[in-house]
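# Structural overview
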Amino acid sequence: MAKQDQLHRFLFEQHAVRGEMITVDNTFAQILENHDYPEAVKTLLGELLVATSLLTATLKFDGDITVQIQGDGPVKLAVINGNNLQQMRGVARVDGPVVAGSSLKQMVGNGFIVITITPNQGERYQGIVALEGETIEECIDSYFRQSEQLATRLFIRVDVTDGKAIAGGMLLQVLPAAKEDSHDIFDHLVQLTATIKGSELSTLDVKEVLHRLYHEEDVTLYDPQSVEFRCSCSRERCENTLVTLPEEEVMEILQKDGKIDMECEFCGSHYVFVESDIQGLKKEQNQQLH
């Protein structure tokens, strides 16, 4: 049985290295729930979800993070939005056939990863990395090599079998105060962590996982943080979008369909507006302008 979706932070007391371990089985299932993706695309979204959640946990502020893949292959876009509360949502846009077992390159073609970090206070940051690795894990590692001074490694484990999806992962990062010789220790810990299996992350207690991997190390485990699916769509957001559209366009849709049905591509929620709703929005907008 899968554990509750949680992020666990831990620290190697004898070394200047920190770690994270995460399971996102339920969150992953909810992201997939309203979509009929090919299995390879499901796996891709799961890998992005794990990566985004682990990255979010490395940030030292309140705010949002978006990790998206764009390319010229059949998968035009795959994106995960998250925040410091570990509230996640995601979607993929598929335009063309994706066969079982497709590689990242076969799905996305020539593309790149865009990582956008938006603090609630402070400046927005965006990093772009070409999709040159064979896997999401390799691409994110490449991002860290390019953009961070701190040695960082991700380990992503996703499996989609017979409709059942499990997803989890781990992250190791050298602390800023690390001495020069810490990198040898870090490489050793990376080799140990690379042996982790997805089934172990999904079914074993976190203490057991840490003991199996690092039984010779002194590891401090901190209280976990819950991870959940949460969509930020709302009727108000749809209203704000509608008032920015040309009036002729809105009226044309109303005359043709009798209503405007706005569907959230992340969660599948529908927000329906009829003509009286639109008139009310226009009236409200005019009152605000005068």
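Residue numbers run consecutively from 1 along every chain, following the written order of its sequence. In keeping with the predicted nature of the model, local features appear solely for residues at pLDDT of at least 70, side-chain atom pairs appear and are counted solely at 80 or more, and the whole-chain, interface and lining totals rest on all residues. Hydrogens and waters are ignored; side-chain quantities use all the structure's heavy atoms.

### Quick word on the environment of Gln149
Defined as follows: Segments assigned H or I by DSSP are reported as helices when at least four residues long, segments assigned E as strands when at least two residues long, and all are numbered from the N terminus.
Mapped onto the elements of the fold, Gln149 is located in the loop between helix 4 (136–147) and strand 8 (152–161). For the pair formed by Gln149 and Val174, sequence separation is 25 residues and the distance between their alpha carbons is 9.4 Å.

### Quick word on the packing of aromatic side chains
This is how it is decided: Between the rings of Phe, Tyr and Trp (Trp by its six-membered ring), a pair exists once the centres lie within 6.5 Å; its type follows the angle of the planes, with under 30 degrees stacked, over 60 edge-to-face, and the other angles tilted. Residue burial is assigned from relative accessible area. The probe radius is 1.4 Å, only protein chains are included, and a residue is buried under 20% of its type maximum, exposed over 50%, and partly exposed in between. Charge-over-ring placement is defined geometrically: NZ (Lys) or CZ (Arg) within 6 Å of the ring centre, and within 35 degrees of the ring normal.
This structure, assessed with the given rule, holds four aromatic pairs. When the ring of Phe10 is compared with that of Tyr214, the centres are 6.0 Å apart and the planes differ by 40°; the resulting orientation is tilted. One end of the pair, Phe10, is in strand 1 (residues 6–12); the other, Tyr214, is in helix 7 (residues 206–214), with 204 residues separating them in the sequence. You'll find Phe10 and Tyr214 in the same group, each marked buried. Ring centres of Tyr143 and Phe144 lie 5.5 Å apart, and the angle between their planes is 70°; on these two criteria the pair is classed as edge-to-face. As far as burial versus exposure is concerned, Tyr143 and Phe144 are alike and both buried. A connected cluster of aromatic rings, assembled from ring pairs, spans Phe10, Phe12 and Tyr214. The ring centre of Phe266 lies 3.7 Å from the NZ or CZ of Arg89, which sits over that ring. Lying across the ring of Phe273, Arg235 places its NZ or CZ 4.0 Å from the centre.

### Description of the sheet that holds strand 7 (residues 125–130)
For the record, the criterion: At least two bridges found by DSSP between two strands are what make those strands a pair.
Pairing in this open sheet of six strands is mixed, and the strands run 7-6-3-4-5-12 from one edge to the other. Looking at which strands have only one partner, the edges of the open sheet turn out to be strand 7 and strand 12 (228–229). As defined by bridge partners, strand 6 (residues 111–119) adjoins strand 7 across six bridges and the pair is classed as antiparallel. What sits directly across from Ile113, in strand 7, is Val129.

### Description of helix 9 (residues 247–257)
Note the following rule: What the arc measures is the spread of directions leading from the helix axis to the C-beta atoms.
The set of residues buried in helix 9 consists of Val250, Met251 and Leu254. Seen from one end, helix 9 has its buried residues packed into an arc of 95°, which puts them on one side. Exposed and facing more than 90 degrees away from the buried side of helix 9 are Glu248, Glu252 and Lys256. Immediately downstream of helix 9, the backbone of Gly258 shows phi near 80°, a positive value.

### What about helix 1 (residues 25–32)?
Asp25, Thr27, Phe28, Ile31 and Leu32 are the residues of helix 1 that are buried. Looking straight down helix 1, one finds that the buried residues subtend no more than 165° of arc, so they occupy a single side.

### A closer look at the domain arrangement of the protein
By a frequent convention, interface size equals the accessible area lost on bringing the separate parts together. For the record, the criterion: As annotated, the domain borders come from an automatic or database domain assignment. Summed over both partners, the accessible surface that disappears when two parts come together, traced with a 1.4 Å probe, is what is meant by buried area. A pairing counts as a salt bridge when a side-chain nitrogen of Lys or Arg comes within 4 Å of a carboxyl oxygen of Asp or Glu.
Domain boundaries in the protein define domain 1 (6–229) and domain 2 (235–289). The distance between the C-alpha centroids of domain 1 and domain 2 comes to 37 Å. Carbon and sulfur atoms supply 51% of the area buried between domain 1 and domain 2, which totals about 620 Å² over both sides. In this structure, the connection of domain 1 to domain 2 is made through one salt bridge.

### Digging into the nonpolar core
Going by this rule: Here the nonpolar core consists of buried residues drawn from Ala, Val, Leu, Ile, Met, Phe, Trp, Tyr and Cys, with membership extended through side-chain atoms lying within 4.5 Å. Residues count as neighbours in contact if any of their non-hydrogen atoms are within 4.5 Å of one another.
Formed by 56 residues in total, the largest nonpolar core has its most connected members in Leu44, Ile69, Ile115, Ile136 and Ile140. Here this core spans two domains, since at least three of its residues come from each of domain 1 (6–229) and domain 2 (235–289). Not counting residues up to four positions away in its chain, the partners in contact with Ile69 are Leu44, Leu48, Lys76, Leu77, Ala78, Leu104, Val108, Phe112, Ile113, Leu131 and Ile136. Residues Ala151, Leu204, Val206 and Leu213 belong to the second largest nonpolar core, which totals 20 residues.

### Focus: the pairing of strand 14 (residues 270–273)
Burial along strand 14 is one-sided: Tyr271 and Phe273 are buried, while His270 and Val272, pointing the other way, are not. One ladder, built from four bridges, connects strand 13 (residues 260–263) with strand 14; its direction is antiparallel. Among the inter-strand pairings, Met262 is bridged to a residue of strand 14, identified as Tyr271.

### With respect to unusual backbone geometry
Of all residues except glycine, most have a negative phi; of all peptide bonds, most are trans. Phi at Gln86 takes a positive value of approximately 60°, unusual for a residue other than glycine. Among the secondary structure elements, Gln86 is positioned in the loop between strand 4 (75–83) and strand 5 (87–94).

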